[in-house]
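Analysis of the macromolecular model
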Amino acid sequence: MTRPVTLFTGQWADLPFEEMCKLASKWGYDGLEIACWGDHLDVVQAAESDKYVRQQKDILEKYNLKYWAISNHLVGQAVCDNPIDERHKAILPSRVWGNGDPEGVRQRAAEEMKTTAIAAKAMGVDTVIGFTGSSIWHYVAMFPPVPQHMVDAGYKDFADRWNPILDVFDKNGVKFAHEVHPSEIAYDYWTTVKTLEAIKHRPAFGLNFDPSHFIWQDLDPVGFLWDFKDRIYHVDCKESKKQLNGRNGRMGSHLPWADQRRGWDFVSVGHGDVPWEACFRMLNAIGYDGPISIEWEDAGMDRLIGGPESLEFIRKMVAIEPPKAAFDAAFSSKD
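Residues numbered from 1 in each chain as written. Predicted model: local features only at pLDDT ≥ 70, side-chain atom pairs only at ≥ 80, totals over all residues. Heavy atoms only, no water.

This part takes up the overall build of the protein. The secondary structure content of the protein amounts to 13 helices and 10 strands. The C-alpha atoms of the protein give a radius of gyration of 20 Å, which matches the 20 Å a tight globule of 335 residues would have. Sorting the 335 residues of the protein into buried and exposed places 53% on the buried side. For the protein, the share of sequence-separated contacts (at least 6 apart) that also reach a separation of at least 24 residues comes to 77%. When the accessible surface of the protein is split by element, carbon and sulfur atoms take 54% of a total near 15,700 Å². Taking the average place of the 37 positive charges on the side chains of the protein and the average place of its 49 negative ones, the gap between the two points comes to 2 Å. (Helix = DSSP H or I, 4+ residues; strand = E, 2+ residues; numbered from the N terminus. Rg over C-alpha atoms; globule rule 2.2 N^0.38 Å. Buried < 20%, exposed > 50% of the residue type's maximum accessible area, 1.4 Å probe, protein only. Contact = heavy atoms within 4.5 Å. Areas by Shrake-Rupley, 256 points an atom, 1.4 Å probe, with all protein chains shown as cover. Lys, Arg positive; Asp, Glu negative; His and termini not counted. Charge placed at Lys NZ, Arg CZ, Asp CG, Glu CD.)

Below, the structure written as structure tokens:
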């Protein structure tokens, strides 16, 4: 079960795509998980222009890089979010932001996610990773008191907005892998259950396994893999570390990344609290054979150090594979 190790380009989208490819190739990555922002992949051009698709593929081939998935987290976020505000304007293409009218932004974001499915097919991949946004995330503290019907309405809103998108994914033979993440409709174990129920477990919608957010929420990433084994469509290796000391709070205290007063922070892969070996043993157990993508985030380490170091660490994890014969088979003997 040899799985390729890729680098998610989202945190590198300030670099030209070719420069990103050159770095990843130099470090020894097998390929990329391509972000749909910066100049790395324009989904509208990819959906409409064979020439553009050929251009991006030529760059990848030039550096001997393959690809198995594309990611459109930023636009997906705006499909369900409430409120829509200046945060979204900063991350969305101008064609999606438009005049900033919130409902208009949501509808244009939904159309762009449909286009993303078409772009994925044009690029020759069958998985899109991303966010969904959420109309009820701002209720997470449950005060003022939130009646159940308001929570239920949030899941209905998600289903109403995403089912038409997933229809286009189905039509193009592409799956959506939602990253379970605070601020999304599915952000922990039980909200993932609720989310899958809201869309009646349709196969077009699965999960991108990223254990970094499980750690600071005190969730079990290994058990999550087992319970949702039929929905693990992609894996991102991102790392976090808790720094809870009686002053530092789990909610982050509205403090910036790398501030030592935070209760947790993102760190380079291998420097945090994710039980990576147990995760990879479980990935083996559930038969996941797709790409392993490194999503590097660390405000306290230069990415030119973190990028290659993360690859070295994850290569060791990927090398953990079940033996071809049971270890206790050697105890059997015949006269």
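Take the pattern of salt bridges next. What the rule picks out here adds up to 26 salt bridges. Among the salt bridges present, the one from D14 reaches R303, with a minimum N-O distance of 2.9 Å. Remark: R303 occurs in helix α13 (residues 303–318) and D14 occurs in the loop between β1 (5–8) and α1 (17–27); sequence separation between them is 289 residues. The closest approach of N and O atoms between R161 and D157, which form a salt bridge, is 2.9 Å. Taken together, the residues R161 and D157, both in helix α8 (residues 148–171) and 4 residues apart, mark about one turn of the helix. Salt bridges here are not isolated pairs; linked through shared partners, they connect E179, D210, K238, E295 and E297. (Salt bridge = Lys/Arg side-chain N within 4 Å of Asp/Glu carboxyl O.)

Let us look at the environment of F266. Mapped onto the elements, F266 comes out in strand β9 (residues 264–267). Separated by 84 residues in the primary sequence, F266 and P182 have C-alpha atoms spaced 14 Å apart.

Time to look at the side chain of S240. Relative to the helices and strands, S240 is located in strand β8 (residues 239–242). With a relative accessible area of 0%, S240 lands in the buried category. At a separation of 2.5 Å, a polar atom in the side chain of S240 contacts the main-chain carbonyl oxygen of S212. When sequence neighbours within four positions are dropped, the list of residues in contact with S240 reads S212, I215, W216, W264, D265, F266, V267, G272, D273 and V274. (Polar contact = N/O pair within 3.5 Å; in protein donor to acceptor, adjacent residues only side chain to side chain.)

Here the focus is the environment of Y139. Mapped onto the fold, Y139 is located in the loop between β4 (127–130) and α8. Distance in space between the C-alpha atoms of Y139 and D160 is 20 Å, their sequence separation being 21 residues. In this view, Y139 contacts V146 and M150; residues no more than four positions away in its chain are not counted.

This brings us to the pairing of strand β6 (residues 205–209). Where burial is concerned, most of β6 is hidden: 5 out of the 5 residues are buried. Running through helix α9 (residues 189–198), the crossover from strand β5 (residues 175–179) to the neighbouring parallel element β6 is right-handed. Of the strand pairs in this sheet, β6 and strand β7 (residues 232–237) are connected by 3 bridges, and their pairing is parallel. Bridge pairing in β7 places L207 opposite I232. (Right-handed = clockwise from strand over helix to strand, strands pointing away. Pairing = 2+ DSSP bridges.)

Counted by the stated rule, this structure contains 19 aromatic pairs. Here F8 and W37 contribute two aromatic rings whose centre-to-centre distance is 6.0 Å and whose plane-to-plane angle is 85°, an arrangement assigned as edge-to-face. Linking F8 in strand β1 with W37 in the loop between β2 (31–35) and α2 (43–48), this pair joins segments that are 29 residues apart in sequence. Taking the centre distance of 4.8 Å and the plane angle of 75° together, the rings of Y189 and W190 count as edge-to-face. Taking relative accessible area as the criterion, Y189 reaches 24% and is therefore assigned partly exposed. Cluster of aromatic residues (ring-pair linked, three or more members): Y189, W190, F209, F214, F224 and F228. Sitting over the ring of W226, K229 keeps its end group 3.9 Å from the ring centre. (Phe/Tyr/Trp six-rings, centres within 6.5 Å; stacked < 30°, edge-to-face > 60°. Lys NZ or Arg CZ within 6 Å of the ring centre and 35° of its normal.)

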